[in-house]
Amino acid sequence: MLKVYNTLTRKTEEFQTIEPGVVKMYVCGVTVYNDAHVGHAMSALVFDIIRRYLEFRGYKVKHVMNFTDVDDKIIARANTLGEDPFALAQRYIDDYRQNLLDLNILPATSNPRATQTMKEIIGMVQGLIDKGYAYPAPNGDVYFRVTKEKEYGKLSGRKLEEMQAGARIEVEEQKEHPMDFALWKAVKPCEPFWESPWGHGRPGWHI
């Protein structure tokens, strides 16, 4: 019997999958604005070992690792280098794929990219708004409403009041609460953008 540590219950429990014999493993990938570093290698290696062990145990593993290919850091670095942000992102994606090959890490089953799943991202943001978990600000940003989820922070074991201590609101932000975070950002001059129900903009890192 395979047992794993459950972060929510803080207990070691029997490993059970939603679909018999199939593990769906989503791993947060890299934001491609610079060369990968040893921390990226460690994360990729850890999940590669987990995947290989699950496959050894007879599971079929659907391993998804995303690429965040539009972001504040990507745009800032592209502007510094005088390079198109999409070209810069693609260059670092290619480099990262080669890094994984050099480390003998299995490629993920799927690598969704922010720029190629914009319809789905906008749909997720709208779904959160419809349920009251997010709100559009007057300036075109959309924020996640942390106070809507009474158990916010339960995985980390931290309370919202404790996390709020170091939070701050930037001049241009129009949040209801300092800990609210951007799901969608209104377009700024010379930035790539997509059309949305809230105006021209792009995804925030968290979504």
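Keep in mind that this is a model prediction, so the values were computed, not measured.

(A) Quick peek at the overall build of the chain. Helix and strand content of the chain: 5 helices and 8 strands. Helices and strands appear in the chain in the N-to-C order β-β-β-α-β-α-α-α-β-β-α-β-β. C-alpha extents for the chain along the principal axes are approximately 55 × 45 × 30 Å. Per-residue burial for the chain yields a buried fraction of 35% across its 207 residues. Counting only contacts in the chain whose residues sit at least 6 apart along the sequence, the fraction spanning at least 24 positions is 62%. Here the chain has roughly 12,800 Å² of accessible surface; of this, 56% comes from carbon and sulfur atoms.

(B) Spotlight on the side chain of H63. Among the structural elements, H63 can be located in strand β4 (residues 60-65). Here R51 takes part through its side chain, which lies 3.3 Å from a polar atom of the side chain of H63. Those residues in contact with H63, other than ones at most four positions away along the chain, are M25, V27, R51, A108, T109 and S110.

(C) Just the packing of aromatic side chains, in detail. Evaluation of the coordinates by the stated rule reveals 9 aromatic pairs. Ring geometry for F15 versus Y59: centroids 5.6 Å apart, planes at 85 degrees, classification edge-to-face. With F15 in the loop between β2 (11-14) and β3 (22-27) and Y59 in the loop between α1 (38-56) and β4, this residue pair connects regions lying 44 residues apart in the sequence. Both rings, one in F86 and one in W194, keep their centres 6.1 Å apart while their planes meet at 70 degrees; by these two values the pair is edge-to-face. Of this pair, F86 sits in helix α3 (residues 85-102) while W194 sits in the loop between β7 (181-186) and β8 (201-203), placing them 108 residues apart in sequence. For F86, a relative accessible area of 35% gives the class partly exposed.

(D) Summary view of the pattern of salt bridges. Considering all chains together, one arrives at 10 salt bridges under this definition. Here E19 makes a salt bridge to K24, at a shortest N to O gap of 3.9 Å. With its nearest N and O atoms 2.7 Å apart, the salt bridge here joins R52 to D48. Here R52 and its partner D48 are both found in helix α1, 4 residues apart, which amounts to about one turn of the helix. On the accessibility criterion, R52 (33% relative accessible area) is partly exposed. Look at D48 and you get buried, because its relative accessible area is 4%.

Parameters at a glance
- Residues numbered from 1 in each chain as written.
- Predicted model: local features only at pLDDT ≥ 70, side-chain atom pairs only at ≥ 80, totals over all residues.
- Heavy atoms only, no water.
- Helix = DSSP H or I, 4+ residues; strand = E, 2+ residues; numbered from the N terminus.
- Buried < 20%, exposed > 50% of the residue type's maximum accessible area, 1.4 Å probe, protein only.
- Contact = heavy atoms within 4.5 Å.
- Areas by Shrake-Rupley, 256 points an atom, 1.4 Å probe, with all protein chains shown as cover.
- Polar contact = N/O pair within 3.5 Å; in protein donor to acceptor, adjacent residues only side chain to side chain.
- Phe/Tyr/Trp six-rings, centres within 6.5 Å; stacked < 30°, edge-to-face > 60°.
- Salt bridge = Lys/Arg side-chain N within 4 Å of Asp/Glu carboxyl O.

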